[in-house]
Amino acid sequence: MKHATPEAAKGVGFGLSAYTLWGCFPIYFALFEGVPSYEVLVHRIVWSCVFLAIVVSFLGRWKPITAALARPRKLGFVFGCAVFIALNWGVYIYAVETRHVLQASLGYFLTPLVNVGLGMLVLRESISRLQIVAVALATIAILYQLFLLGVVPWITLVLAFSFGTYGLLRKQVELDGLSGLFVETLLLLPVGLLALGLLSSVGESHFNDNISTTLLLMSSGIVTAIPLLFFAGAARRLRLATVGFLMYINPTLQFFIALFVFDEPMSGEKLASFVMIWVALGLYSWSAWMGRGMNPVPK
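Residues numbered from 1 in each chain as written. Predicted model: local features only at pLDDT ≥ 70, side-chain atom pairs only at ≥ 80, totals over all residues. Heavy atoms only, no water.

Caption draft 1: Region of the structure containing the overall build of the protein chain. Along the protein chain, the regular secondary structure elements total 13 helices and zero strands. Along the protein chain, helices and strands appear, N-terminal first, in the series α-α-α-α-α-α-α-α-α-α-α-α-α. Computed over its C-alpha atoms, the radius of gyration of the protein chain comes to 19 Å, within 12% of the 19 Å expected for a compact globule of 299 residues. Its C-alpha atoms put the protein chain at 55 × 50 × 40 Å along the principal axes. Burial statistics for the protein chain: of 299 residues in total, 48% are counted as buried. Sequence-distant contacts in the protein chain: of pairs separated by 6 or more residues, those separated by 24 or more amount to 86%. (Helix = DSSP H or I, 4+ residues; strand = E, 2+ residues; numbered from the N terminus. Rg over C-alpha atoms; globule rule 2.2 N^0.38 Å. Buried < 20%, exposed > 50% of the residue type's maximum accessible area, 1.4 Å probe, protein only. Contact = heavy atoms within 4.5 Å.)

In structure tokens, the structure reads:
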């Protein structure tokens, strides 16, 4: 136990760092003003692949990656992960670009409940009554926005379900988080390079506009990888329940950034839907605390 306490403290530090960085992503992606979200996404894929290759080489982690690439027929789930994480990244960047960060934060609040629902429907996992109530309450919150506000919160739904589906597929992949993300970006790399070539050929690339934009686009790879490394350090040292509770830091920070930095409007109706989601998360967290287990959401 004497050796566990320092390791647990390190784990909490890594976890806080990872989720705080993820929570501050709206501020980072807001810096790309003037660069279309699809171009930012393409650069994020390309430079993430480049930077992760450097990290994998530095850590000497090529063995599981080469083993996975040697069996291309078994890369179907990894490719599925790649598609859904790219969709998640692209919609999130678009949400920041169009100042819909409140919808984005609601999507990440909703993700754990989507994971529970998908686990029940797809994997036939048994869930507690409290978790059923939590999923039902979250569904009511979305329907409330749909029918009373007359708005389909599509950003919220796409972010939640793309992340939830990513997590579902990720369960079928043996690769660890770092190796898995590298292979995912590697599979997307040809498409990313082709897209960059097309943007340059038609004169719509912003990569060479100025040195600050160039460096900012290149930094997207580092910004993507560093929180993941922190998360890996936390996951190795902490119980899943602890990591699961820490993950709420991310959407909470996004929520406050949306309100106080981007000055997004918060009506009483929107607040009511958030409150329903928070109550649902409270029920879900209580169920997890009582021993039902909580899976961390992949990022």
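Caption draft 2: Representation of a nonpolar patch on the surface in the model. Together, Tyr94, Leu143, Leu146, Phe147, Leu148, Val152 and Trp154 make up an exposed nonpolar region whose accessible area comes to about 690 Å². Per element, the largest residue contribution to the nonpolar patch is three residues, and it comes from helix α7 (residues 129-147). Locating Val152 in the fold gives a position in the loop between α7 and α8 (154-170). On the accessibility criterion, Val152 (47% relative accessible area) is partly exposed. (Patch = residues over 30% accessible without salt bridge, like charges linked within 9 Å, V, L, I, M, F, W, Y side chains within 5 Å. Areas by Shrake-Rupley, 256 points an atom, 1.4 Å probe, with all protein chains shown as cover. Salt bridge = Lys/Arg side-chain N within 4 Å of Asp/Glu carboxyl O.)

Caption draft 3: Looking closely at α7. Taking 1.5 Å per residue as the helical rise, α7 with its 19 residues ought to reach 27 Å, and the 27 Å between its terminal C-alpha atoms agrees with that figure. Among the residues of α7, Gln131, Ala134, Leu137, Ala138, Ala141, Ile142 and Gln145 are the ones counted as buried. In an axial view of α7, the angular spread of the buried residues amounts to 135 degrees, which keeps them on one side of the axis. Facing away from the buried side of α7 by more than 90 degrees, the exposed set consists of Arg129 and Phe147. (Expected span 1.5 Å × (residues − 1). Arc of directions from axis to C-beta.)

Caption draft 4: Structural view of the packing of aromatic side chains. Going through the model one piece at a time under the given rule, you end up with 21 aromatic pairs. Relative to Phe32, the ring of Tyr28 lies with its centre 5.3 Å away and its plane at 85 degrees, an arrangement referred to as edge-to-face. What links up through ring pairs into an aromatic cluster is the set Phe25, Tyr28, Phe29, Phe32, Tyr92, Tyr108, Phe163 and Tyr166. Over the ring of Trp89 we find Arg44; its NZ or CZ atom is 4.1 Å from the centre of that ring. (Phe/Tyr/Trp six-rings, centres within 6.5 Å; stacked < 30°, edge-to-face > 60°. Lys NZ or Arg CZ within 6 Å of the ring centre and 35° of its normal.)

Caption draft 5: Region of interest: the pattern of salt bridges. Overall, the coordinates contain two salt bridges when judged by the stated rule. Between Arg170 and Glu184 there is a salt bridge, with its nearest N and O atoms 3.6 Å apart. Pair noted here: Arg170 is in helix α8 and Glu184 is in helix α9 (residues 177-201), with a separation of 14 residues, a long-range link. Given the relative accessible area of 12%, Arg170 is considered buried.

Caption draft 6: View of the environment of Ser17. Within the secondary structure, Ser17 sits in helix α1 (residues 4-23). Residue Ser17 is classed as partly exposed on the basis of its relative accessible area, which comes to 29%. Once the C-alpha coordinates of Ser17 and Phe230 are considered, the two residues, 213 residues apart in sequence, prove to be 6.6 Å apart.

Caption draft 7: Quick peek at the nonpolar core. In terms of nonpolar packing, the biggest core is built from 83 residues, with Phe29, Phe32, Tyr92, Leu110, Leu113 and Ile277 touching the most fellow members. Residues within four places of Phe32 in sequence aside, it is in contact with Val40, Leu216 and Leu217. (Core = buried A, V, L, I, M, F, W, Y, C linked by side-chain atoms within 4.5 Å.)

Caption draft 8: Examining the confidence of the model for the protein chain more closely. Taken over all residues, the pLDDT of the protein chain has a mean of 87, while the share at 70 or more is 94%. Helix α11 (residues 240-246) is the least confidently modelled element of the protein chain, averaging 71 in pLDDT, while helix α2 (residues 25-29) averages 97, the highest of any element. Note on residues 292-299: pLDDT under 50 across the span, and 37 contacts to partners over four residues away in sequence or across chains. (pLDDT = per-residue confidence, 0-100.)

Caption draft 9: Quick peek at unusual backbone geometry. Notably, Arg99 is not glycine yet its phi reads approximately 60 degrees, a positive angle. Inspection of the secondary structure assignment puts Arg99 in the loop between α5 (76-97) and α6 (101-121). In this structure Arg99 comes out as partly exposed when scored by relative accessible area, which is 34%. With a phi angle near 55 degrees, Asp263 is a residue other than glycine that sits in the positive phi range. Relative to the helices and strands, Asp263 is located in the loop between α12 (249-260) and α13 (268-292).

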